[in-house]
Amino acid sequence: MRAYFLQSSGDRMNLELREVPKPQPAPSQFLIKIHASSLNRGELIPGHGLIAAGAAKAAGQEAAGEVVETGERVMGRCPGGFAEYGLMEKSDAIRVPPNLSWEEAGAIPLTFMVVHDMLVAQGNLKAGEWLLVTGISSGVGVAALQAAKAMGAKVIGTSGSSEKLERLKKLGLDVALNTRKPDFYGAVMEATGKRGVDLVVNNVGGSVFAECIRALAFQGRLATVGYLDRVMKAEIDIEALHSNRLRVFGVSNKHRNAEQRATTVRGFTADFLPYFATGRIKPLIDRVYGFADLAQAKAFVESDAQLGKVVIRM
């Protein structure tokens, strides 16, 4: 079968198509005939540490497809998802609602499970609270907006593109801030009646970290999920952290074990899957590329031009 591999080389990730044997499932796994997958920016950034320098790794982190043995439609975490077939742990498999296309199903799993971790499991976001998302036009940013609005929260988003922000207003974005700089504290205070936001999802990284801390309300929470700016260090206002009883947490699956990941799958299935089954949330897909055009899809994602997810159709 055909499968793509990524190899880290300095500050670049190189893509290679190979012929490899069809994988054989263990008792805990399903063999999946893959119909769609999507690109996740973190896999394409060497600094994220998902792929060691000099080592080639099967590309793709998620997939939607049919269980070969039963024909059941599933989606979920699937290492090596940019291939004709893949292995999915049974604990990671989520049934695809009948109203979703393969492309939509392929755009959902990792992004929205990360969002569930940020907003629900760790972020404790409640209806009526304020959420700030930096870099809101990313796949995770758009998903955070959609999930938060479905939960009844109010959302402020930053982006360097006024065009993208205008499009996101149609998805319910309450306050759009056209900036890539750490200069949004004043606008956040104005929007929230000088109170600050209850939760921040920081997709951007260290360059805006201090400003995110400033923008938090009493007992606010800050989720760090990405560092697209490649800035890995930042100062922290200890006095604000202490006096405002703030909570800072990271969101990553890098060191989680199978049961910890399965807990997120169960939480997503209970809390978010009904939103997709009823059509309340429809994943925002920017473009769909064919399997042979993965290199073009990768280049498009790396250009930061997309709004939402970029999907690969097998």
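Everything discussed here concerns the structure shown above.
Residues numbered from 1 in each chain as written. Predicted model: local features only at pLDDT ≥ 70, side-chain atom pairs only at ≥ 80, totals over all residues. Heavy atoms only, no water.

**Quick look at the overall build of the chain**
Helices and strands together make up the secondary structure of the chain, namely 10 helices and 16 strands. Its C-alpha radius of gyration of 19 Å places the chain within 12% of the 20 Å reference for a compact globule of 314 residues. Dimensions of the chain along its principal axes, counting C-alpha atoms only, are 60 × 45 × 35 Å. Here the chain, with 314 residues, has 52% of them falling under the buried criterion. In the chain, 65% of the contacts between residues at least 6 apart in sequence involve partners at least 24 apart. When the accessible surface of the chain is summed, it comes to about 13,900 Å², and 51% of that surface belongs to carbon and sulfur atoms. (Helix = DSSP H or I, 4+ residues; strand = E, 2+ residues; numbered from the N terminus. Rg over C-alpha atoms; globule rule 2.2 N^0.38 Å. Buried < 20%, exposed > 50% of the residue type's maximum accessible area, 1.4 Å probe, protein only. Contact = heavy atoms within 4.5 Å. Areas by Shrake-Rupley, 256 points an atom, 1.4 Å probe, with all protein chains shown as cover.)

**Points about the packing of aromatic side chains**
Summed over the entire model, instances satisfying the criterion amount to six aromatic pairs. Note on phenylalanine 112 and phenylalanine 276: the rings are 4.9 Å apart at their centroids and 90° apart in plane angle, and the pair reads as edge-to-face. Linking phenylalanine 112 in helix α2 (residues 109-122) with phenylalanine 276 in helix α9 (residues 273-277), this pair joins segments that are 164 residues apart in sequence. For the pair phenylalanine 112 and phenylalanine 276, one class covers both residues: buried. Ring geometry for phenylalanine 268 against phenylalanine 276: centres 6.1 Å apart, planes inclined by 40°, an arrangement best described as tilted. On the basis of relative accessible area, phenylalanine 268 is assigned to the buried category, the value being 0%. Look at phenylalanine 276 and you get buried, because its relative accessible area is 0%. (Phe/Tyr/Trp six-rings, centres within 6.5 Å; stacked < 30°, edge-to-face > 60°.)

**Regarding helix α10 (residues 294-302)**
Listing the buried residues of α10 in full gives Leu294, Ala297, Lys298, Phe300 and Val301. Along α10, the residues classed as buried sweep out an arc of 160° about the axis, all on the same side. Looking at the buried side of α10, the elements it contacts are β1 (2-9), β2 (12-19), β15 (285-290) and β16 (309-313). Among the residues trailing α10, aspartate 304 stands out with phi positive, at a value near 65°. (Arc of directions from axis to C-beta.)

**Observations concerning unusual backbone geometry**
The residue asparagine 124 is not glycine, and still its phi comes out positive at about 50°. Inspection of the secondary structure puts asparagine 124 in the loop between α2 and β9 (130-134). The exposure class of asparagine 124 is partly exposed, given its relative accessible area of 36%. At aspartate 304, a residue that is not glycine, the phi angle is positive and equals roughly 65°. In this structure, aspartate 304 sits in the loop between α10 and β16. Residue classification places aspartate 304 among the partly exposed positions, given a relative accessible area of 45%.

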